[in-house]
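# Notes for the structure review
Here is how the chains run, residue by residue.
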Amino acid sequence: MVSYDVVIVGSGIAGASLAYFLSKDGFKTLVLDVKPFERLGDKPCGDAIGKHHFDELGLEAPAGELLEGYVRGIDVYSPSEKVKYRVMGDGYEVHRVKYTKYLLSEAINKGVEFWGESQGVEPLVKDGYVVGVSVWVKGRGRLEVGSKILVDASGMARAIVRRLDFKWPVREDIDPKDMNIAYREVRKLKKEVEEPEILRIYVSKKVAPGGYWWFFPYSKEGDVVNVGLGVQGGMNYPNPRDLLHEHVISREVFNGSEVVEAGGAAVPTRRPLKTLVWNGIAVTGDAAYAVNPVHGGGKGSAMLASWCISKSVRHALEVGDTSAKSLWEANICFNKRYGAKQAALDIFRLFLQRLSDEDLEYGMSKKIIKEEDLNTVSLKGDLELSVVEKAMRLLAGLSRPSLLFKLRRVAHYMNDVKQLYMNYPEEPEGLAKWYWEVEKLYSRFKEEV
Ligand SMILES: Cc1cc2nc3c(=O)[nH]c(=O)nc-3n(C[C@H](O)[C@H](O)[C@H](O)COP(=O)(O)OP(=O)(O)OC[C@H]3O[C@@H](n4cnc5c(N)ncnc54)[C@H](O)[C@@H]3O)c2cc1C
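A brief report on the enclosed structure follows. (Residues numbered from 1 in each chain as written. Predicted model: local features only at pLDDT ≥ 70, side-chain atom pairs only at ≥ 80, totals over all residues. Heavy atoms only, no water.)

One pass over the full model with this rule turns up 1 disulfide. Covalent S-S linkage joins Cys308 and Cys333, the inter-sulfur distance amounting to 2.0 Å. Where Cys308 bonds to Cys333 through sulfur, the torsion about that S-S bond is close to -65°, and the disulfide is left-handed. Of the two residues, Cys308 sits in helix 5 (residues 299-319) while Cys333 sits in helix 7 (residues 329-354), which places them 25 residues apart along the sequence. For Cys308, a relative accessible area of 1% gives the class buried. (Disulfide = S-S within 2.5 Å. Helix = DSSP H or I, 4+ residues; strand = E, 2+ residues; numbered from the N terminus. Buried < 20%, exposed > 50% of the residue type's maximum accessible area, 1.4 Å probe, protein only.)

Next comes the structure, spelled out in structure tokens:
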């Protein structure tokens, strides 16, 4: 049986960035994907990534043909579209295919192997460890490939972990209500967009129940936009494509526009997987639910999860121990940098999904949470209690006090869950007890708010 130090199943941004990070160490690494090389990274996406993700990981900012445009900020519109919050922050519209292929090509140049049109079918398990994967390779049939560490980077397919028994903590399946079903089109308009470096997000329960719709210009072209809509899963809401066409594409700005690309996919919008690693296995990207639960952006956090995993894989291979304990640091690394904020934003997401359009309109028009606070919530997952208290004093006597009381409770819960994730167990033995605390907090929150 052919064997590798690391086998990565899936070469979207999570798998390709992991191969990139690992390639510097000279481990014998194989990446496989059901797609041929030319189509890697080709999946429906809004393509927006904050600049801070590249800065934090020491990655060169995408430039030239890897880029569709620059971003300077985001306008968030209320349900009536009369109130607008402008949140400034630099970022990019990234060419999803070229950027993914760039990361993997860099890894291949350093000796990483790639098999296209190859499907990871199921993990091979021996004595409580994942020791390889069975692969179906176009033109060669079924093969068994050995691995010291197997990585599931197959996105929402979760092709490897969902074939493991439920007693493996990396199996943790997702509740459909913790997903967003999103559809987007890239369209060439008849006219250039005003302020093409400003992305636009529209919250409206009527148009996008449990999600939002977006209008993201590609500033390099000026007249090309990425327009899409997401709805909460598991709620029997209408198809996001129908909603987008009925409420958005019917607008004047799209008259005479041409569809360049179209497609949809599911996005996990919850707290991260309870552990990214177990004996002989790691999970990254969408497969590990490493996505911002409020805006559904998952590319930056996928790269971060892969970076944390690369450090643990390096350690485990160097000491010759691929147990959960030896790989554990990946969890601490990810939760300190992102998972804690992500869990806090998950609480905020659950709250937002319960608000009516009237509540949202009221909250935004009265500036209960201001632009700068929204920025802090989104960057750090902190809804400062002082912000809510101030709003409560200012708005005393106005209607909807219950909304403010709820917001205060939400701020408390966000803070509590964040603390819980900052105190992630130091070793795998502590996982079950810690996760029991997390689930207790979530059920209390759901009952209360
Ligand atoms: C409509 C939409 C808009 C979005 N907008 C944004 C945005 O603007 N910004 C942002 O940051 N995020 C956005 N996201 C989320 C983002 O696209 C994902 O978080 C990100 O692409 C996840 O990357 P990944 O590598 O984990 O998974 P994927 O990109 O899904 O990659 C998984 C790879 O695994 C391969 N694969 C699957 N099964 C197997 C198998 N059995 N064997 C071998 N290979 C396999 C697939 O072919 C694929 O190449 C959006 C998502 C959607 C659906």
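Back to the text.
Our next topic: unusual backbone geometry. Both trends apply: most residues other than glycine have a negative phi, and most peptide bonds are in trans. Non-glycine residue Glu81 carries a positive phi angle of around 65°. As for its placement among the helices and strands, Glu81 is situated in the loop between strand 4 (67-77) and strand 5 (84-94). If you check the backbone angles, Asp127 has positive phi at about 50° while not being a glycine. The class for Asp127 is exposed, based on a relative accessible area of 71%.

Our focus in this paragraph is the site of the ligand. Taken together, 36 residues surround the ligand, and among them Asp33, Gly46, Ala48, Gly120 and Asp286 come closest. Contact distances for the ligand include 2.9 Å between an oxygen atom and a backbone N or O atom of Lys299. Protein coverage of the free-state accessible area of the ligand, which is 1,000 Å², stands at 92%. Within the residue set of the shell around the ligand, elements represented by two or more residues are helix 1 (13-23), strand 7 (118-126), strand 12 (213-218) and strand 14 (258-268). The dominant element in the shell around the ligand, judged by the number of residues it contributes, is strand 7, at 3 residues. Residues of the shell around the ligand, tallied by class, amount to 17 nonpolar, 13 polar and 6 charged. (Near = heavy atom within 4 Å. Polar contact = N/O pair within 3.5 Å; in protein donor to acceptor, adjacent residues only side chain to side chain. Areas by Shrake-Rupley, 256 points an atom, 1.4 Å probe, with all protein chains shown as cover. Nonpolar A, V, L, I, M, F, W, Y, C, P; charged D, E, K, R; others polar.)

Bringing the packing of aromatic side chains into the picture now. As enumerated under the stated definition, the model contains 19 aromatic pairs in all. On the numbers, 5.7 Å between centres and 75° between planes, the contact of Tyr20 with Phe21 is edge-to-face. For the pair formed by Tyr20 and Phe21, the shared burial category is buried. Consider the rings of Phe334 and Tyr338, whose centres lie 5.8 Å apart with planes at 40°: the pair is tilted. You can see Phe334 and its partner Tyr338 sitting in helix 7, 4 residues apart, about one turn around the helix. Here Phe334 matches Tyr338 in class, with each residue buried. Three or more aromatic residues joined by ring pairs make a cluster, and in this case those are Trp278, Trp328, Tyr421, Tyr424, Trp434 and Tyr435. Lys28 extends its terminal NZ or CZ atom over the ring of Tyr4, reaching a point 4.7 Å from the ring centre. Above the face of the Phe166 ring, Arg171 is positioned so that its terminal group lies 3.9 Å from the ring centre. (Phe/Tyr/Trp six-rings, centres within 6.5 Å; stacked < 30°, edge-to-face > 60°. Lys NZ or Arg CZ within 6 Å of the ring centre and 35° of its normal.)

With 8 bridges connecting them, strand 7 and strand 8 (residues 129-137) associate as antiparallel partners. Residue pairing for strand 8: Lys126 is matched across the bridge by Tyr129. Where strand 7 folds back on strand 8, the antiparallel hairpin that results is connected by 2 residues, among which Asp127 adopts a positive phi of roughly 50°. (Pairing = 2+ DSSP bridges.)

This part is about the packing of helix 5 against helix 7. Packing of helix 5 against helix 7 leaves a shortest axis separation of 8 Å and a crossing angle of 150°. Classified by the angle between their axes, helix 5 and helix 7 sit roughly antiparallel to one another. The chirality of how helix 5 crosses helix 7 is right-handed. In contact with Ser301, Leu304, Ala305, Trp307, Cys308, Ile309, Lys311 and Ser312 of helix 5, helix 7 contributes Glu329, Ala330, Cys333, Phe334, Arg337 and Tyr338. A class-by-class count of the residues in the contact of helix 5 with helix 7 yields 9 nonpolar, 2 polar and 3 charged. (Axes fitted to C-alpha atoms, helices over the stretch in contact; angles between N-to-C directions. Parallel < 35°, antiparallel > 145°, perpendicular 65-115°, else oblique. Left-handed = near helix turned anticlockwise from the far one by under 90°. Contact = heavy atoms within 4.5 Å.)

Glancing now at the nonpolar core. Ile8, Tyr99, Val170, Ile281, Ile347 and Phe351 are the most contacted members of the largest nonpolar core, which totals 109 residues. Once residues lying within four places of it in the same chain are set aside, the contact partners of Ile281 are Val130, Leu150, Ile160, Val161, Leu164, Trp168, Val170, Leu276 and Leu327. One finds Ala208, Val227, Leu243 and Ile249 within the second-largest nonpolar core, a separate group that totals 18 residues. (Core = buried A, V, L, I, M, F, W, Y, C linked by side-chain atoms within 4.5 Å.)

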